[in-house]
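So you can see what is in the structure, the chains are spelled out below.
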Amino acid sequence: MDTRDAAAAIAEQPLWYHTIDVAPGVATPGWFDLRPIVDRIPWPDLTGKRCLDVATYDGFLAFELERRGAAEVWATDVASHEGWDWLPRVRALGPAKLAEMAGQKGRGFEIAAELLGSKVQRKFVNVYDLHPDDIGTFDVVVCGSLLLHLRDPMRALEAIRRVCHGVFLSIEQIDVISSVVLRRRPTMFVLGDRAQWAIPNASGHRQMLKVAGFDLISHTKPFAEPFGVGHPTFRRTPRWMLQRAFSGGIDGVPTAAVLCRP
């Protein structure tokens, strides 16, 4: 497919969550751009491994697993916008609003996979329902930016542990201010915004994994996951400006990555 056809295919999708290079000089206009920070993630050896990307959305991490040499990659996600853990105050209107903004659930993944010639296998299953009887077990499981969207993140981590018999790479948004000020104390910052429940500080993220039954192998320092060209404008509050300062002056989401084993 030439670049004009790739650009036309991308334009069919009204909202892209991930920035993905799909052809020479052609990338999806994602809300978030993991390309500048992908090498800061503590990837395990993926050669010949069976891998899973949980809550894949447009598929950036799934395609990255494939690009880095995984023998087999699966990706899971909810089947519809109703499958999100919406907060009570927006539960009635949230799915319809998101459908209006984003279009058909999972269509971005399909377009990107076709453009890339990817062999990633996608299965619609809620993270809470992950089970070896349904999807098998995996050498490497990856999950990015999901826990803040869940009403019960500990239950989700327990389900992830059921299907992980190798290592788990958890890449999640953190509260960078309390990560710096309360570096050794696990804390949680309650958001309560649309489909965002709460985020931990970096210590809290690691503690959640320990409580869910994982043993830590390594972790990164906090870093910023940059906004992509498609990210909507937002109000820069004093708290946001402070977070930006702690994140190296980059407009993005404070993030930390942890590699662990069940």
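Up top is the structure these notes are about.
Our subject in this report is the structure included herewith. A quick note: this is a predicted structure, and the numbers were derived from the prediction, not measured.

## Structural notes on a nonpolar patch on the surface
Line of reasoning, step 1. Nonpolar side chains collect at one region of the surface, where Val180, Val181, Leu182, Leu242 and Phe246 lie side by side and expose about 410 Å² of accessible area between them.
Line of reasoning, step 2. Looking at the nonpolar patch, the elements with two or more residues in it are α7 (176-181) and α9 (238-246).
Line of reasoning, step 3. Within the fold, phenylalanine 246 resides in helix α9.
Line of reasoning, step 4. With relative accessibility at 37%, the residue phenylalanine 246 sits in the partly exposed group.

## A short note on the pairing of strand β10 (residues 188-193)
Line of reasoning, step 1. For β10 and strand β11 (residues 196-200), the ladder comprises four bridges, and the chain directions are antiparallel. Across the sheet, valine 190 pairs through a bridge with alanine 198, a residue of β11.
Line of reasoning, step 2. Counted along the chain from β10 to the antiparallel partner β11, the turn is two residues long, and its residue arginine 194 has a positive phi close to 55°.

## Points about the side chain of threonine 255
Line of reasoning, step 1. Secondary-structure assignment places threonine 255 in strand β14 (residues 252-261).
Line of reasoning, step 2. Judged by relative accessible area, threonine 255 falls into the buried class, the value being 1%.
Line of reasoning, step 3. Polar contacts involving the side chain of threonine 255 include one to the main-chain carbonyl oxygen of valine 253, which spans 2.8 Å.
Line of reasoning, step 4. Apart from the residues lying within four places of it in its own chain, the contact partners of threonine 255 are Ile171, Glu172, Gln173, Ile174, Lys221, Pro222, Phe223 and Glu225.

## Here we look at the packing of aromatic side chains
Line of reasoning, step 1. In total, this model carries six aromatic pairs according to the counting rule given.
Line of reasoning, step 2. Seen in terms of ring centroids, tyrosine 17 and phenylalanine 32 are 5.1 Å apart; in terms of plane orientation they differ by 55°. Their pairing is tilted. One end of the pair, tyrosine 17, is in strand β1 (residues 16-18); the other, phenylalanine 32, is in strand β4 (residues 30-32), and 15 residues separate them in sequence. In terms of burial, tyrosine 17 and phenylalanine 32 fall into one category: buried.
Line of reasoning, step 3. Between phenylalanine 63 and phenylalanine 109 the ring centres are 5.3 Å apart and the planes differ by 25°, which places this aromatic pair in the stacked class. Residue phenylalanine 63 is located in helix α2 (residues 60-67), and its partner phenylalanine 109 is located in helix α4 (residues 107-116); the two are separated by 46 residues in the primary sequence. Here phenylalanine 63 matches phenylalanine 109 in class, with each residue buried.
Line of reasoning, step 4. Linked through ring pairs, Tyr17, Phe32, Tyr57 and Phe227 together constitute an aromatic cluster.

## What to know about the side chain of histidine 81
Line of reasoning, step 1. When you line up the elements, histidine 81 lands in the loop between β6 (72-77) and α3 (94-102).
Line of reasoning, step 2. With near-sequence residues (within four places) excluded, histidine 81 lies in contact with Trp86, Pro95, Leu98, Ala99, Ala102, Gly103, Gln104 and Lys105.

## Some remarks on helix α6 (residues 153-162)
Line of reasoning, step 1. Those residues of α6 lying buried are Pro153, Ala156, Leu157, Ala159 and Ile160. The arc enclosing the buried residues of α6, seen along the axis, measures out at 160°, which places them on a common side.
Line of reasoning, step 2. Packing partners of the buried residues in α6 comprise β5 (50-54), β8 (138-144), β9 (164-173) and α8 (202-211).

## Brief notes about the environment of histidine 231
Line of reasoning, step 1. Position of histidine 231 relative to the elements: it lies in the loop between β13 (223-226) and α9.
Line of reasoning, step 2. Between the C-alpha atoms of histidine 231 and phenylalanine 32, which are 199 residues apart in sequence, the distance is 6.8 Å.
Line of reasoning, step 3. Contacts of histidine 231, omitting those with residues within four sequence positions, involve Gly30, Trp31 and Phe32.

## Side note on the packing of α6 against α8
Line of reasoning, step 1. At their nearest, the axes of α6 and α8 sit 9 Å apart, and the two run at 55° to each other. Considering their axes alone, α6 and α8 lie oblique with respect to each other. In the packing of α6 onto α8, the handedness of the crossing is right-handed. Taken together, the residues of α8 that come into contact with α6 (itself represented by Pro153, Met154 and Leu157) are Met208, Leu209 and Val211.
Line of reasoning, step 2. When its residues are assigned to classes, the contact of α6 with α8 shows six nonpolar, no polar and no charged.

Rules used in this analysis
Numbers given to residues run from 1 along each chain, matching the order in which its sequence is written. Reporting in this predicted model follows two pLDDT cut-offs: at least 70 for local features of residues, and 80 or more for side-chain atom pairs to be given and counted; totals over whole chains, interfaces and linings ignore these cut-offs and use all residues. Note that the side-chain values use all heavy atoms of the structure and ignore hydrogens as well as water. Here, patches come from residues exposed beyond 30% relative accessible area and free of salt bridges, joined within 9 Å for like charges and within 5 Å for nonpolar side chains (Val, Leu, Ile, Met, Phe, Trp, Tyr). Exposure was quantified through the Shrake-Rupley algorithm and a 1.4 Å probe, taking into account, for residues, occlusion by the shown protein chains and nothing else. A pairing counts as a salt bridge when a side-chain nitrogen of Lys or Arg comes within 4 Å of a carboxyl oxygen of Asp or Glu. A run of DSSP states H or I qualifies as a helix once it reaches four residues; a run of E qualifies as a strand once it reaches two. Both are numbered from the N-terminal end. Residue exposure (1.4 Å probe, protein chains only): buried if accessible area is under 20% of the type maximum, exposed if over 50%, otherwise partly exposed. Strand pairing requires that DSSP identify at least two bridges connecting the strands. As used in this structure description, the phrase polar contact means that two N or O atoms lie within 3.5 Å; if the pair is within protein, one of them must be able to donate a hydrogen and the other to accept it, and residues adjacent in sequence are counted only when both atoms belong to side chains. Should any heavy atoms of two residues lie within 4.5 Å, those residues are counted as being in contact. Centre distance within 6.5 Å is the pairing criterion for rings of Phe, Tyr and Trp, where only the six-membered ring of Trp is used; planes under 30 degrees apart are then read as stacked, over 60 as edge-to-face, and the remainder as tilted. By definition, the arc is the one covered by directions from the helix axis to the C-beta atoms. Comment: axis = line fitted to C-alpha atoms, over the contacting stretch for helices; angle = value between 0 and 180 degrees taken between N-to-C directions. Each angle gets one of four labels, with under 35 degrees taken as roughly parallel, over 145 as roughly antiparallel, 65 to 115 as roughly perpendicular, and the rest as oblique. Note: crossing handedness is left-handed where the near helix turns anticlockwise from the far helix by less than a right angle, and right-handed where it turns clockwise. In this count, Pro and Cys sit with the nonpolar residues alongside Ala, Val, Leu, Ile, Met, Phe, Trp and Tyr, while Asp, Glu, Lys and Arg are called charged and the others, Gly among them, polar.

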